[in-house]
Amino acid sequence: MKMPNKKKIILFIVEGINDKTSLALCLSQFLDDEEIHFEITDGDITTRIGVNPVDIAAKIGNIVKKHSGRVFKQSDYLEVVHLIDMDGAFVPDENVIETENGDLIYEPDNIRCKDVSGIKKRNHQKQEVVNRMLTISKVWTCIPYSVYFFSCNMDHVLHGQANLSKQEKDRLAREFEDKFINKSQEFVDFFDDEQLFSGKTYVESWDFIRVSKNSLKRKTNFYLYIKGKVSKKIGQ
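Quick notes on the rules
Residues numbered from 1 in each chain as written. Predicted model: local features only at pLDDT ≥ 70, side-chain atom pairs only at ≥ 80, totals over all residues. Heavy atoms only, no water. Core = buried A, V, L, I, M, F, W, Y, C linked by side-chain atoms within 4.5 Å. Buried < 20%, exposed > 50% of the residue type's maximum accessible area, 1.4 Å probe, protein only. Contact = heavy atoms within 4.5 Å. 1 Å grid on protein atoms, 1.4 Å probe; cavity = no way out; pocket = protein on both sides within 12 Å on 5 of 7 lines; lining within 4 Å. Points joined across faces, edges and corners; volume = space filled by probe spheres on them. Helix = DSSP H or I, 4+ residues; strand = E, 2+ residues; numbered from the N terminus. Nonpolar A, V, L, I, M, F, W, Y, C, P; charged D, E, K, R; others polar. Pairing = 2+ DSSP bridges. Arc of directions from axis to C-beta.

Asks: Provide a residue-level description of the nonpolar core, including the pertinent values.
Replies: Phe12, Leu23, Leu27, Leu83, Phe187, Phe191 and Phe222 are the most contacted members of the largest nonpolar core, which totals 30 residues. Excluding its chain neighbours within four sequence positions, the residues that come into contact with phenylalanine 222 are Phe12, Leu27, Leu83, Tyr148, Phe149, Phe150 and Phe191. Among the nonpolar cores identified, the runner-up in size contains 26 residues, and Val129, Met133, Tyr145 and Ile209 belong to it.

Shown next as structure tokens:
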């Protein structure tokens, strides 16, 4: 008797719990041929103190090793998919504008904040690190790696709002999950929206989002990942 093949792990790296809440169950149902896992980084690793283009590949590899917990081997993973917020990081410096109330606000054309120099420094670091991440094809030596963006953050893409409170983020994440549970086609259709598209190919999408003020626009290239999996399912 032939034993069934063991499912491979697709590991999604995300910034926060609401990212997992929004996507985990829906992706598990859509990608039911594989085992879907999430690892939360508790914030944006691209802008942390001390993170730089030289060591970002190793840091991502360490995230995967942490997830493995000595339970999973490299061969257990099909791929690592990293989902990041753009946070308007590629806007020109002149589009970072001081505001009196101190809140960090993402607008269609500007970032308003109290610490203008600090946000500019954050943006420059993120630009360099993200540019390096786009050259990484494997992590932990041999596991295929790719990175996809939500702009200017995941809330912006999923809910059309870029400046939500924590309470609003929590509520809307649960609502998104509830809306698409057991509705894989509707989940796919949500991302198959030309208003969210930023390019026909992976390279084009990243070229687009890094130009001018585009990293503040409501765009994502995650539809390319979804589209690729749909094509694979159809071809099976």
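Asks: Requested: an account of the layout of surface pockets, with residues and values cited.
Replies: Roughly 450 Å³ of internal volume is contained in the largest pocket. As for the largest pocket, its lining consists of 19 residues, of which Glu15, Asp19, Asp85, Asp155 and Lys169 are closest to the centre. When contributions to the lining of the largest pocket are tallied by element, the ones reaching two or more residues are helix 1 (17-30), helix 4 (154-159) and helix 5 (166-180). What the second largest pocket holds in volume is close to 180 Å³. Secondary structure elements with two or more residues in the lining of the second largest pocket: helix 6 (184-191) and helix 8 (222-235). Here the lining of the second largest pocket gets 5 residues from one element, more than from any other, and that element is helix 8. A per-class count over the lining of the second largest pocket returns 6 nonpolar, 1 polar and 2 charged.

Asks: Can you tell me about the sheet that holds strand 5 (residues 105-106), naming the residues and giving the values?
Replies: Taking strand neighbours across the sheet as the criterion, the 3 strands line up as 4-6-5 in an open arrangement whose pairing is mixed. Edge positions in the sheet fall to strand 4 (96-98) and strand 5, since each of these pairs with one other strand and no more. Here strand 4 pairs with strand 6 (residues 111-113) via 3 bridges, running parallel. Paired with isoleucine 97 across the strands is arginine 112, a residue of strand 6.

Asks: Please set out the side chain of serine 198 residue by residue, giving values where relevant.
Replies: For serine 198, the location among the structural elements is in the loop between helix 6 and helix 7 (202-209). Note on serine 198: relative accessible area 6%, which makes it buried. Residues within four places of serine 198 in sequence aside, it is in contact with Phe149, Glu204, Ser205, Phe208, Lys219, Thr220, Asn221 and Tyr223.

Asks: Residue-level account of helix 6, with values.
Replies: When helix 6 is considered as a whole, its buried residues turn out to be Phe187, Val188, Phe190 and Phe191. The buried residues of helix 6 occupy one face: seen down the axis, they fall within an arc of 155°.

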